[in-house]
Every structure is written in structure tokens, then in C-alpha cells.
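# Report on the structure
Read off the chains here:
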Amino acid sequence: MRFTLIAKSLCVAALLASTPLSALAQSAEQEDVILIADSVFLQGNNTLTARGNVEAVQGDTRLTATAIVYDSVKDQITIEGPIKIRDGEAVEIFADFAELDTSMQNGLLTSARLVLNEQVTIDAAQARREEGKRTKLDKVAATSCLTCLNGAPLWQIRAKRVTHDQEKQQLFFDNAQFRIMDVPVFYLPRLRLPDPTLERATGFLIPQVRSRSRFGLGVKVPYFIRLGDHKDLTLTPYLSPNTRTLEWRYRQAFTKGEIEFLGAFSKDDFSGVDSRAYLFGTGTFEMPRDYTLSFDIKSTSDNAYLVDYDYSNLDRLNSEVALARTNRLENTKLALSFFESLRASEDNNTLPSVVVSARTEQRLFPRALGGELFWQLEAHSHYRKSDASTDVDLDGIVDGRDVSRVNAELEWRRTWLTNVGLEFGTTASLALDAVHTAQDATLADDNYAQITPTVAAHLRYPLIKTTATGVTHIVEPIGQIAWSGGNIRAGTPPIIANDESTRVEFDEGNLLSLSRFPSDDRRERGLVGALGMNWSRFGPKWETHLTVGQVIRQDVHDDFSLSSGLAGTESDFLVATQLKSQSGIDLTLRTLIDGVNGLNKAEARGAWNNDRLDLGASYVWLGADADEDRASVLSEWNLDSSYRLNRHWTGLANWRYDVASDTTAEAGIGLEYRNECVNARFSVSRRFTSSTTVRPATDLSFTVQILGFSAATTDKSYARTCSKTAG
């Protein structure tokens, strides 16, 4: 090996001239070692000594010490401490004394300390480096906890020997003893743990202790299996007095895609079902010509399984396989969907359980007309398992109705801006709708087709004012008038059934829309006007936005439900507002106000986030509406929050309250403790709702996570200090 010596002493050049560099050169191909010191001198012809602020660098390895002595005959480096060796970004070694070979890859260190990724500290009587890849430490104590003077860490692992394999990123313990506050808890003759730089390794994950009212006290012990660089399997046995469950998760990454499957198998003593299971799966793949293939699969053995085991609160499962392409000029999607209801009040034979749809939308910029030209084409079909052509179960919907439709539309838009800032825009469109309905005796005809021409014009006049304090106000009056041809679908029997547009939302996003129905199975018709105003305030500390508006039409449209706010010739007043502040407050409110009966719909969402508080709350109020299958008022509060009480303790709470029935639906509280080396959480929750398939349940959960031996577990804001006032 060749040594390039750099020194601060003025006599270094003369000393180097007398140094037999040929004796130091072992291989011209090996990387140079750069040696920096306050003084360097030669003893005889074979010994080179560097003293004072010594630093040696070779590649990613950097060594600092008080003195380094190189013996060319023994080909050995002796180092006097305090010594620090940094190997890359993740490994640091400290020692009082060391003997290393000239490559600094092999040798013996005494009173050594190994620090991994600034998380795990391993103290040893001595350490031996082998080939720069392994470090063997004798009589060790390993921990990621802060250890103050004359104090014991919160937890530690004592062992006769530890081997750190940098290539495998593993720690191998011999005769390991786990201690809490220096008290032995259990003993393991062999123990293997990943070092903090390893993201994926086969082995046990953090266990979880849970107690549920119908399960009893149980434990989950996940075991992670690394199947390769791009796939893995996690098996989690869940054992309690009343259930035997195996949970699992499989993940795999491909060159142009990824998949993930979740599931569980259970046998329990309380459900009356012999075997229970569920399967959720997702995947996405990049396809040629910028297409994306995706799937989302959901299935369960019985209606109550997901809620009983707290896997999901879904009461309707939607599975889909789709091929899509989306960019600024195109939105295309071909999808096959399957629906399954878990609600006791719904029969899957009478629900549209299979849906096939194909839709494409494209945007063009014709030079001759100016503006933008949109065209779209959609084919849709949904199928019910039932063959009945009437409403046998008396829910207001024909039990076996199947619908297929084709919709095509061509739309042109253009806007002009005047010198005074007035924006004027026009829209013209032509739509063709064809619908075939099977197994519905209530319709006058199985086939329906209609052409719908539409013309519209809108005005916007934004006004801007900036105050001396730096606050900007923008006021924008807006108005639109539109006319759509064709017949309004009213009367008995109906022309086509309403299967897809039963839930209409009137909000600031569709105030100026030509049709406010969520699907193309029906359209607004006749003469319709819309008036509104937008106001925005932008300031240094907070900003707010407000939209008010109303829709006025010449004729009533029977397909709008009462609570949609659009049922009459004059719609409800739409009021939508949002407020944001630099202090972390974010409030959103949207409501529909009937000038006669008051509120028809109202929803509010709020969040407050800062260094200590994470609070989210929402409120929803919906009036009774038979058209939306809501026999009574729905009014509900939801709250989810966490508050950091101090450096280490965090309180957790969630609450769902049914205002209409004056009952709590769900509630939970928890407490979390975290420092630099442990994370413990205790929580208790209660679900109060019940049905023929779901019963009230109480869930207690306790988990303890040892930090430091897994990647990305460091958060210095939780770290303790050794001061007397430390928490």
C-alpha cells in the first residue's frame, strides 16, 4: 500500500524524504491512505510515528486518534486513543487502544464501543475487526437507550459475544440476556437482530397484546419472511381463549408494478360460523402507451367478520379491475366492478352487483373555432342477480332490473376577457343518450333514446383590492344562463328508472355545471340560471374563501331529491366557506339553506395541527328524505385527536356521537409513552352500535416497541437528556 503523508509540521518534507516509501507500498491498485497530523517523524528505517490530532482517511473509512505508529516490518499500525473510526455513514467505533493492519480492516481494539446509525450502542471489553466486514465484540452490553453517568439504561442486552456483519446487516448475540433497569428478564442462547441500517429481514416483529370483550385476552406475534429483494410475506398468529386466527400479508414489487394482499383465517367460539376469512388485494401495473392496469379486490366469508375482528368498518365491498389512461388531454377508463353489501337490510340478489363501464374523454383545441372542444363516449351496464320484474321486497326498487346505456357528448367552450376585466364565456354541447332496461314491468318502454342540445353563457367579474397591511381581497360575482332541450323525465310510468343518480350533491364545484347529476343516465333540461359570488381574503396570518349561490329553473325536475337542494324551481342557497391560518387551523363549512324550512344539508370539518396538538373533527346533518332512503334526520359528530402532554407522553382520543338518537356510537382513549429507545401504547375503545350481525364490543390493546433495531425509528424530539430536569 502507498501512504500519502500530509503534515502540519515544517520538517515533514525532510522526514518524508528519508522514509522508505517502497517499504510502504504493498499494491499500487489499493486506495491511498491520507495521513494528517501535527507532527510526523521517522525512527530508524522501519517505524513511522504521527502525533497530535492524527487523522487517517482511506475511502469511506476515517480514523482519528492521539498517535499512530506504523511498523513496516510487522506491517502493523498501533493507535493510541481516544480512537474514533467512522466506516461510511452508519458505523462508528470508539476505543482506547488499537492494533490494525495497514488496510485498517483487521485488528484488535480494547475498551471498544460500536455505534450503529446513531441509534444502537454496543459497549465491549474488546473488539476485533475482520476484513473490514465483521466486528466481533466480547463481554458486551447493547442498548439504544440513553445511559447517564452511574445509571442503568431502561433496557439492555448483555451477551458473551456479539458479531456485527456489515454485509448482511445483522447482529448475532451469543448467550444473550435481556434486562430491564439492569434486572434480568429472560435468557436466549442465540439471538439475531437486524442492525438499524437494514430495512427488510426475516424474523419476528413487534408483538401486540389485545383484549376484546368477545375474544378475551390475546396476543398477536407477527413473523416477517423476506422472500427476496422484491417480495415478502408476514404471518401473524392471533391466539386468545375464543379464537384461533392466522393473519397474513403478501407484497411483491415488479419492474413496472406492485401487488399487495391482506387476509385472515379464523375459527372462533362465538360467531356460530365454522370457518371465517377475508381477502383484500390491490395492485397497479404500468402498461404500454401510458395505460395503467389496476385491481382492487375485497371479499369476506360473512357480514360481521370484518367488524368483529376490527379489520374494516366497510359495510359495502367494491371490487374492481380497471385499465385507465389520464393526462391533460385525455381521461379513459375501462372497468369491471363487483359490489357486495354487508348490511342486514340489503339483499345482494336485488342490488346491481356487477357493473361494466367504458368511458373516454378527450380535449382538443380547434384553431378555426378557438376555445376548447371536448368529446366523450361512455358505455355502461349493471346487472342484478334477481329475475323479478317487480318490487317483490317492497323497497321501492324493482328487484331484477338490469340497465345498459350508451352516452355520447360533444362540447365546445370559449371565453373572452375584456379590457375592464370582465370575463364572458359561452358553451354549446350536443348529447346522445340511449338506454335499454330489462326486467322492469313499471316502465312504459324498455328502450329510450334522446338527443339533448345545450347552450349556455356565463359572466365573471373579479375585483381585487390590496390593503396597506398586505391583505388582498378578491370579490368575484358570477352568473350563468343555460338551456337544454329534450323532455323533462316526469310522469307515471317513468321513462327510465333512476339507479345511478339517487344521491345528488349541490356544491361550489357544480354551481355553474350544465347538469348536476352524478351520472349521464339523466340530464337537467329546460331553462336554468345560476347566480353566485366568490370572495377570497389572503393575508399574512390567515386566509378565507366564501362562495354563495343559487340555481333558478323554469321547470321542476322530479329526479332531484328533496334534500339535494335542487328539487324546486328555486334551489336552496348554497353557502360554502373555508378558513386557514398559519397556526395550523383549517375549517371548512358547506350548507344548503331553504328559505322556508331552514337547513336541508350541512357539513363542517375542522383541523388544528401544531407541534403538540393534532385535532380533527367533523359534523354532518342531513334531513329526512324518503328519496334517499333516510326515514329520519341524520346528525353525527366525529372526533379524532392526539395531544402531546410533554416530551414523552401523548394522549389519544376518538369519539363518534349520534346526535339524532342522542347516543355514542364509538369512543376510545389511549396513552402513548415514547423516548429514544422504547414506544409503549395502551388504548381502550368501545363500539356501541348493534344490529342483527354486529354486536357491541370493547377492545383493549397494549403494545411495546423496542426502538433502534429497525430503520427509520429515530425521532430526536423524544430523546431524553442526562440533566437533572430532564423528563
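Just so you know, these numbers come straight off a predicted model, no measurement behind them.

### A few points about the layout of surface pockets
Looking at the second largest pocket, its volume works out to about 1300 Å³. Around the second largest pocket, the lining is made up of 36 residues, and of these Leu193, Phe204, Leu205, Ile206 and Ile706 lie nearest the centre. Broken down by element, the lining of the second largest pocket gets its largest block of residues, seven residues, from strand 13 (residues 183-194).

### Some thoughts on the pairing of strand 23 (residues 316-327)
Summarising the sheet, strand 22 (residues 292-300) and strand 23 pair through five bridges and their orientation is antiparallel. What sits directly across from Phe295, in strand 23, is Val321. Two elements, strand 23 and strand 24 (residues 330-341), share 12 bridges in a ladder whose sense is antiparallel. Looking at the pairing, Glu320 lines up with Ser337 of strand 24.

### Concerning empty space enclosed by the protein
Inspection of every chain in the model, using the stated rule, returns five cavities of 30 Å³ or more. Estimates place the volume of the second largest cavity at around 70 Å³. The wall of the second largest cavity is formed by Arg401, Val403, Arg405, Val435, Thr437, Ile496, Ala497, Asp499, Glu500, Asp521 and Arg522. Secondary-structure elements contributing two or more residues to the lining of the second largest cavity are strand 27 (402-417) and strand 28 (423-438). Partitioned by chemical class, the residues of the lining of the second largest cavity number four nonpolar, one polar and six charged.

### Details of the packing of aromatic side chains
Under the counting rule described, the total for this entry stands at 20 aromatic pairs. On the basis of an interplanar angle of 50° and a centroid distance of 6.2 Å, the ring pair of Tyr278 and Tyr305 is categorised as tilted. Here Tyr305 lies in helix 3 (residues 305-308) and Tyr278 lies in strand 21 (residues 276-286), a separation of 27 residues in the sequence. The exposure class assigned to Tyr278 is buried, which follows from its relative accessible area of 11%. Residue class for Tyr305 comes out buried when judged on its relative accessible area of 0%. For the pair Tyr305 and Tyr309, a centre-to-centre distance of 4.8 Å together with 50° between the ring planes defines the contact as tilted. The residues Tyr305 and Tyr309 share a single accessibility class, namely buried.

### Overview of the pattern of salt bridges
Evaluated as defined, the whole model comprises 58 salt bridges. Salt-bridge contacts for Asp232 lead to Arg251; the nearest nitrogen and oxygen are separated by 3.0 Å. Highlighted residues: Asp232 in strand 18 (residues 231-240) and Arg251 in strand 19 (residues 243-254), separated in sequence by 19 residues. Residue Arg251 is classed as partly exposed on the basis of its relative accessible area, which comes to 30%. Among the salt bridges present, the one from Arg523 reaches Glu409, with a minimum N-O distance of 3.4 Å. Taken together, the residues Arg523 in the loop between strand 31 (472-484) and strand 32 (526-538) and Glu409 in strand 27 connect sequence positions 114 residues apart. In this structure Arg523 comes out as buried when scored by relative accessible area, which is 8%. Of the residues examined, Glu409 reaches a relative accessible area of 15% and is grouped as buried. One connected set of salt bridges, linked through shared partners, spans Arg359, Glu361, Glu378, Arg405, Glu500 and Asp520.

### Focus on the state of the cysteines
Where two cysteines share a covalent bond between their sulfur atoms, that bond is called a disulfide. Counted according to the given criterion, the structure contains one disulfide. Two residues share a disulfide in this structure: Cys145 and Cys677, whose sulfurs sit 1.9 Å from each other. Its torsion about the S-S bond being 90°, the disulfide of Cys145 and Cys677 is classed as right-handed. One end of the pair, Cys145, is in the loop between strand 10 (134-143) and strand 11 (155-165); the other, Cys677, is in the loop between strand 40 (663-674) and strand 41 (678-687), and 532 residues separate them in sequence. Among the residues examined, Cys145 registers a relative accessible area of 8% and is labelled buried.

### A look at the environment of Arg192
Within the secondary structure, Arg192 is located in strand 13. Taking the C-alpha atoms as reference points, Arg192 and Asp586, separated by 394 residues in sequence, lie 47 Å from one another. Discounting residues that sit within four places of it in the chain, Arg192 has contacts with Gln170, Leu171, Phe172, Thr202 and Gly203. One polar contact links Arg192 to Gln170, side chain to side chain, over a distance of 3.1 Å.

### Structural notes on the side chain of Thr426
Along the polypeptide, Thr426 turns up in strand 28. Take Thr426: its relative accessible area is 17%, and that puts it in the buried class.

About the cut-offs
Residues numbered from 1 in each chain as written. Predicted model: local features only at pLDDT ≥ 70, side-chain atom pairs only at ≥ 80, totals over all residues. Heavy atoms only, no water. 1 Å grid on protein atoms, 1.4 Å probe; cavity = no way out; pocket = protein on both sides within 12 Å on 5 of 7 lines; lining within 4 Å. Points joined across faces, edges and corners; volume = space filled by probe spheres on them. Helix = DSSP H or I, 4+ residues; strand = E, 2+ residues; numbered from the N terminus. Pairing = 2+ DSSP bridges. Nonpolar A, V, L, I, M, F, W, Y, C, P; charged D, E, K, R; others polar. Phe/Tyr/Trp six-rings, centres within 6.5 Å; stacked < 30°, edge-to-face > 60°. Buried < 20%, exposed > 50% of the residue type's maximum accessible area, 1.4 Å probe, protein only. Salt bridge = Lys/Arg side-chain N within 4 Å of Asp/Glu carboxyl O. Disulfide = S-S within 2.5 Å. Contact = heavy atoms within 4.5 Å. Polar contact = N/O pair within 3.5 Å; in protein donor to acceptor, adjacent residues only side chain to side chain.

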